[in-house]
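Residue-level structural notes
The residues making up each chain are set out below.
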Amino acid sequence: VDFSAIASAPWFRVPSFSAPKFELESIIYMIPIAIAPAIEHIGDMLAISNVTKEDFLKNPGLKNTLLGDGLATSLAAFFGGPPNTTYSEVTGAVSLTKAYNPAIMTFAAITAIVLAFVGKLGAVLSTIPAPVIGGIMLLLFGIIASVGMETLIKNRVDLADPRNMIIVA
């Protein structure tokens, strides 16, 4: 592990922002990329509702969570960022920690935004070896898969049906 990047990193750093450009080719290319996170969002709301035993599709409601996701993506685009996603990894983290209170996620998001301005922290994170990050991702995505399997088992989904096998795969 090379720690030299930490020494040379500034304590305060403004992340690079860029102004949006309207290019038809890019817009057409981004349409399916924008649709996929919307579908993922619905699946994530179902999974997180299953994990927390609270129906987030009713309270605050799917239309409100999709609206929030859309507004966040619009704000990110305003600063030149990519579309946002609800990140399925969060379902795995919530499963592990049992931290079900949405205020915790709000605090975590605000903390992450503030920490984005700490150059040394970014440098520390860049020293984490790729296999370690891969192991963490394997763990989180494995938990997401287990939550999905638990949902299928609870609902007695026929996993011998080829259509269902393809969905699981």
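In this text the structure is predicted, and so the values were computed from the model without any measurement. (Residues numbered from 1 in each chain as written. Predicted model: local features only at pLDDT ≥ 70, side-chain atom pairs only at ≥ 80, totals over all residues. Heavy atoms only, no water.)

Within the chain one finds eight helices and zero strands. Expressed as a percentage of its 169 residues, the buried residues of the chain come to 21%. Summed over all atoms, the accessible surface of the chain reaches about 11800 Å², with 73% contributed by carbon and sulfur. Taking the average location of the 10 positive side-chain charges in the chain and that of its 12 negative ones, the two points are 7 Å from each other. (Helix = DSSP H or I, 4+ residues; strand = E, 2+ residues; numbered from the N terminus. Buried < 20%, exposed > 50% of the residue type's maximum accessible area, 1.4 Å probe, protein only. Areas by Shrake-Rupley, 256 points an atom, 1.4 Å probe, with all protein chains shown as cover. Lys, Arg positive; Asp, Glu negative; His and termini not counted. Charge placed at Lys NZ, Arg CZ, Asp CG, Glu CD.)

A volume near 2000 Å³ is recorded for the largest pocket. Sorting the residues of the lining of the largest pocket by element identifies helix 2 (24-52), helix 3 (57-78), helix 4 (89-97), helix 5 (102-115) and helix 7 (130-154) as the ones contributing at least two each. When grouped by side-chain class, the residues that make up the lining of the largest pocket number 30 nonpolar, 14 polar and two charged. (1 Å grid on protein atoms, 1.4 Å probe; cavity = no way out; pocket = protein on both sides within 12 Å on 5 of 7 lines; lining within 4 Å. Points joined across faces, edges and corners; volume = space filled by probe spheres on them. Nonpolar A, V, L, I, M, F, W, Y, C, P; charged D, E, K, R; others polar.)

Another aspect to go through is the side chain of asparagine 164. With respect to the element layout, asparagine 164 can be found in helix 8 (residues 162-168). A residue is classified by how much of its surface remains accessible, and asparagine 164, at 13% relative accessible area, is buried. Here the side chain of asparagine 164 touches aspartate 158 through a polar contact of 2.8 Å, landing on its backbone oxygen. (Polar contact = N/O pair within 3.5 Å; in protein donor to acceptor, adjacent residues only side chain to side chain.)

Now for the nonpolar core. The biggest cluster of nonpolar side chains holds eight residues, and these are Met45, Ala47, Ile48, Val51, Phe56, Val94, Ile143 and Val147. Within the residue set of this core, elements represented by two or more residues are helix 2 and helix 7. Among the elements that make up this core, the one with the highest residue count is helix 2 (four residues). Apart from residues no more than four positions distant in its own chain, valine 94 is found in contact with Ile48, Val51, Thr52, Ala99, Tyr100 and Met105. (Core = buried A, V, L, I, M, F, W, Y, C linked by side-chain atoms within 4.5 Å. Contact = heavy atoms within 4.5 Å.)

Taken as a whole and assessed by the stated rule, the structure comprises one salt bridge. Across the pair lysine 154 and glutamate 150 runs a salt bridge, and its minimum N-O distance is 3.2 Å. Of this pair, lysine 154 and glutamate 150 both sit in helix 7, four residues apart, which is roughly one turn of that helix. Residue classification places lysine 154 among the partly exposed positions, given a relative accessible area of 44%. (Salt bridge = Lys/Arg side-chain N within 4 Å of Asp/Glu carboxyl O.)

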